[in-house]
Amino acid sequence: MTSVEAFRAGPGWAVYAAMKAAVGPMTEYFKTAEQLVQLDAGNRKWQLERGYALGNLGGLAFTRGESDEAIRHYESASNLIEGLLETAPADGELLQAQIEFHSWLASIHERRGELQSARDLHARTLQLTTELLASQPDDRHIQREEVLRQVFADPSAALVLPC
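Small disclaimer: the values here were computed from a predicted structure and weren't measured.

Asker: Could you give an account of the overall build of the protein, naming the residues involved and the relevant values?
Answerer: When helices and strands are tallied, the protein shows 7 helices and 0 strands. Counting from the amino terminus, the protein carries its helices and strands in the arrangement α-α-α-α-α-α-α. Evaluated residue by residue, the protein yields a buried proportion of 31% over its 163 residues. The contacts of the protein with a sequence gap of at least 6 include a subset with a gap of at least 24, amounting to 50%. Split by element, the accessible area of the protein, about 9900 Å² in all, is 58% carbon and sulfur.

Set out below in structure tokens:
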């Protein structure tokens, strides 16, 4: 494609090209995370890194419109984090990762019109965020995220929630 053709294709082409270009590096990132886990399966940080890599692949798939693939990646990441949370249920980093993965899964299901699944995932996201707030009550970033999640879950809540 020439630069004139790319210009005429509009910004959608740029996003597509950027996503296509990111697939290779993200796949390599995932492979590296897999190798690290194979070297030391008990290392929580390597397992978490594998979860992040799966989440990145899920995000790329979702952006490309491949919702089935995105769900597979996000569910794998979520299951991995769920296993880690069994031994460290109040770990803030793990809770934040799980919140992100559930939030993305809810968005995908919502976009697909699977509203009950989306609602259940949003409810789980709110529950996890509440747990995170309880474990880190002074974290202003988490407090702001909780307010935003509640507003998006129920726009009328914006009238009663503190900013």
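There is more to say after this.
Asker: Please set out the pattern of salt bridges residue by residue, giving values where relevant.
Answerer: Counting across every chain of the model gives 9 salt bridges. Here Asp-91 makes a salt bridge to Arg-44, at a shortest N to O gap of 2.7 Å. Remark: Arg-44 occurs in helix H3 (residues 44-63) and Asp-91 occurs in the loop between helix H4 (67-87) and helix H5 (92-111); sequence separation between them is 47 residues. What makes Arg-44 partly exposed here is its relative accessible area of 25%. With its nearest N and O atoms 3.4 Å apart, the salt bridge here joins Glu-69 to Arg-64. Classification of Glu-69 as partly exposed rests on a relative accessible area of 24%. Among the ionic contacts, a cluster of salt bridges with common partners joins Arg-44, Asp-91 and Glu-93.

Asker: Go over H3, please, and point to the residues and values.
Answerer: Helix length check: H3, at 20 residues, gives a terminal C-alpha distance of 29 Å against a target of 28 Å (1.5 Å per residue), a fit within 8%. If you check which residues of H3 are buried, you get Gln-47, Leu-48, Gly-51, Ala-53, Leu-54, Gly-55, Leu-57, Gly-58, Gly-59, Leu-60, Ala-61 and Phe-62. In this structure Asn-43 caps H3, since a side-chain oxygen of it lies 2.9 Å from the backbone nitrogen of Lys-45.

Asker: So what about the packing of aromatic side chains? Which residues, and what values?
Answerer: Taken as a whole and judged by the stated rule, the model has 3 aromatic pairs. Here the aromatic rings of Tyr-74 and Phe-101 are separated by 6.2 Å at their centres, their planes lie at 45 degrees, and the arrangement is tilted. Residue Tyr-74 is located in helix H4, and its partner Phe-101 is located in helix H5; the two are separated by 27 residues in the primary sequence. Each member of the aromatic cluster is reached from another via a ring pair, and the members are Phe-62, Tyr-74, Phe-101 and Trp-104.

Asker: Hey, could you go over the nonpolar core for me, with residue numbers and the actual values?
Answerer: In this structure, Ile-81, Leu-94, Phe-101 and Ile-108 are the most contacted members of the largest nonpolar core, which totals 28 residues. Going through the elements one at a time, helix H2 (11-39), H3, H4, H5 and helix H6 (115-135) are the ones with two or more residues in this core. Residues contacting Ile-81, with those up to four places away along its chain left out, are Leu-48, Leu-94, Ala-97, Gln-98 and Phe-101.

Asker: Explain the packing of H3 against H4 to me, using residue names and the numbers behind them.
Answerer: The N-to-C vectors of H3 and H4 enclose an angle of 160 degrees; their axes lie 7 Å apart at closest approach. Between H3 and H4, the angle is such that the two are roughly antiparallel. Crossing of H3 against H4: the hand is left-handed. On H4, the residues touching Arg-44, Gln-47, Leu-48, Arg-50, Gly-51, Leu-54, Gly-55, Leu-57, Gly-58, Gly-59, Ala-61 and Phe-62 of H3 are Glu-69, Ala-70, His-73, Tyr-74, Ser-76, Ala-77, Leu-80, Ile-81 and Leu-84. For the contact of H3 with H4, the class distribution of residues is 11 nonpolar, 7 polar and 3 charged.

Calculation criteria
- Residues numbered from 1 in each chain as written.
- Predicted model: local features only at pLDDT ≥ 70, side-chain atom pairs only at ≥ 80, totals over all residues.
- Heavy atoms only, no water.
- Helix = DSSP H or I, 4+ residues; strand = E, 2+ residues; numbered from the N terminus.
- Buried < 20%, exposed > 50% of the residue type's maximum accessible area, 1.4 Å probe, protein only.
- Contact = heavy atoms within 4.5 Å.
- Areas by Shrake-Rupley, 256 points an atom, 1.4 Å probe, with all protein chains shown as cover.
- Salt bridge = Lys/Arg side-chain N within 4 Å of Asp/Glu carboxyl O.
- Expected span 1.5 Å × (residues − 1).
- Polar contact = N/O pair within 3.5 Å; in protein donor to acceptor, adjacent residues only side chain to side chain.
- Phe/Tyr/Trp six-rings, centres within 6.5 Å; stacked < 30°, edge-to-face > 60°.
- Core = buried A, V, L, I, M, F, W, Y, C linked by side-chain atoms within 4.5 Å.
- Axes fitted to C-alpha atoms, helices over the stretch in contact; angles between N-to-C directions.
- Parallel < 35°, antiparallel > 145°, perpendicular 65-115°, else oblique.
- Left-handed = near helix turned anticlockwise from the far one by under 90°.
- Nonpolar A, V, L, I, M, F, W, Y, C, P; charged D, E, K, R; others polar.

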